[in-house]
Amino acid sequence: MSGTDRSQAAGAVPDSDPGLAAVASAYQRFEPRSYLRNNYAPPRGDLSCPDGVGPWKLRCLAQTFATGEVSGRSLIDVGSGPTIYQLLSACAHFEDITMTDFLEVNRQELRLWLREEPGAFDWSVYSQHVCLIEGKGESWQEKERQLRARVKRILPIDVHQPQPLGAGGLAPLPADALVSAFCLEAVSPDLASFQRALDHITTLLRPGGHLLLIGALEESWYLAGEARLAVVPVREEEVRQALVRSGYEVRDLRTYTMPAHLRTGVDDVKGIFFTWAQKKVGV
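The model shown is predicted, which means the values in this text are computed figures rather than measured ones. (Residues numbered from 1 in each chain as written. Predicted model: local features only at pLDDT ≥ 70, side-chain atom pairs only at ≥ 80, totals over all residues. Heavy atoms only, no water.)

Visitor: Which parts of the structure should I look at to understand the overall build of the chain?
Guide: Per the secondary structure count, the chain includes eight helices and nine strands. Relative to its length of 283 residues, the chain is compact, with a C-alpha radius of gyration of 17 Å against a globular reference of 19 Å. Projected onto its principal axes, the C-alpha coordinates of the chain cover approximately 50 × 45 × 35 Å. Looking at the chain as a whole, 58% of its 283 residues are labelled buried. Excluding contacts between residues fewer than 6 apart, the proportion of contacts in the chain whose partners are at least 24 apart in sequence is 75%. Carbon and sulfur atoms form 51% of the exposed surface of the chain, whose accessible area is close to 10900 Å². One way to put it: in the chain the 30 positive side-chain charges average out to a point 2 Å from where the 35 negative ones average out. (Helix = DSSP H or I, 4+ residues; strand = E, 2+ residues; numbered from the N terminus. Rg over C-alpha atoms; globule rule 2.2 N^0.38 Å. Buried < 20%, exposed > 50% of the residue type's maximum accessible area, 1.4 Å probe, protein only. Contact = heavy atoms within 4.5 Å. Areas by Shrake-Rupley, 256 points an atom, 1.4 Å probe, with all protein chains shown as cover. Lys, Arg positive; Asp, Glu negative; His and termini not counted. Charge placed at Lys NZ, Arg CZ, Asp CG, Glu CD.)

Visitor: Would you mind showing me how to read the pairing of strand β9 (residues 271–279) here?
Guide: Looking along a regular strand, one sees side chains alternate from face to face of the sheet. Counting buried residues along β9, eight of its nine residues qualify, which places the element largely inside the surrounding structure. Pairing analysis gives eight bridges linking strand β5 (residues 205–217) to β9, with the strands arranged antiparallel. Looking at the pairing, I214 lines up with F274 of β9. With nine bridges joining them, strand β8 (residues 248–257) and β9 adopt antiparallel strand pairing. Bridge assignment links T255 to a residue of β9, and that residue is F273. (Pairing = 2+ DSSP bridges.)

Visitor: I tried to follow the pattern of salt bridges on my own but got confused; where do I start?
Guide: It is possible for side chains of opposite charge to pair when their charged atoms get near one another. Summed over the entire model, instances satisfying the criterion amount to 18 salt bridges. Between R251 and E69 there is a salt bridge; the shortest N-O distance is 2.7 Å. On the criterion of sequence distance, the pair formed by R251 in strand β8 and E69 in the loop between α3 (53–66) and β1 (74–77) is long-range, its members being 182 residues apart. With a closest N to O distance of 3.5 Å, E144 and R148 form a salt bridge. Taken together, the positions of E144 and R148, both in helix α6 (residues 140–150) and four residues apart, correspond to about one turn of that helix. Taking relative accessible area as the criterion, R148 reaches 18% and is therefore assigned buried. Connected via shared salt-bridge partners are R73, E95, D96 and R153. (Salt bridge = Lys/Arg side-chain N within 4 Å of Asp/Glu carboxyl O.)

Visitor: How should I be thinking about the sheet that holds strand β4 (residues 175–181) in this particular structure?
Guide: The strands that make up a sheet are held in pairs by hydrogen bonds between backbone atoms, and each pair lies either parallel or antiparallel. Strand order in the open sheet formed by seven strands is β3-β2-β1-β4-β5-β9-β8, and the pairing between neighbours is mixed. Every other strand in the sheet has two partners, leaving β3 (151–155) and β8 as the edge strands with one partner each. Averaged over all neighbouring strand pairs, the angle between strand axes comes to 15°, with direction disregarded. Against the sheet, helix α4 (residues 104–114) contacts β2 (96–100) and β3, and its axis sits at roughly 160° relative to β3. Of the strands in this sheet, β5, β8 and β9 are in contact with helix α8 (residues 236–245), which crosses β8 at around 160°. (Axes fitted to C-alpha atoms, helices over the stretch in contact; angles between N-to-C directions.)

Visitor: Just checking my understanding: could you explain helix α5 (residues 124–134) for this structure?
Guide: Buried within α5 are the following residues: S124, Y126, S127, H129, V130, C131 and E134. Against the buried residues of α5 lie α2 (32–40), α3 and α6. In the segment just after α5, G135 is the residue with positive phi, at about 65°.

Listed below in structure tokens is the structure:
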């Protein structure tokens, strides 16, 4: 799964905010391979059970992109972590994809896969599953080739900064769409920080553009190797309210309850949310 795909964007933060500084410090111990084993190998990485968390996430994404409404030229994946599954359905609809993460160890993990280097994590089971549920007759190898071709850059990001990508202008802005999986709640010490981080990433999105947000419900910690990382517990209604405050129309909001056999001791996640939101014009 993850109830916790999140290494993802713990930012370097001003010394004046000890909560955010503590988050940034904790993430220096994040271990991508441990995180991937915890969440993308069985049992959470078993995609053969249609009621599992992996198939649920992939189905939410595939069904949303199948509407044809979420498309354009450019997409930014906010806080990619060491994972690529969240873009397998997106890559057919955007020709310029930017992946991002605060941690260099995660950006390096992404480069290994994009360059097909030895030792890269094997996402082929996920690619095969997406091809199956999309039903287009595409092979998983074609799917992965398309994604690799359309990821144009991997950039550092800090969602706690008003300009999360900095001022360098390395990604085309504003983007037509954003994807973010298990990031904001995992790098925010409290709900106020979560709201500000959402406000910050919203500046990357054009008016009328779309945000697909996946995250953990009522989770307070997760493990990534020796790192035990704090998460701000959020409920479904708090997610909805945060999106409205940031200027979105919530188009879809779904939740998944983590079954007992997938509560494996690597976190205390209770469930997952998926939301499709559209940035209001004039915001």
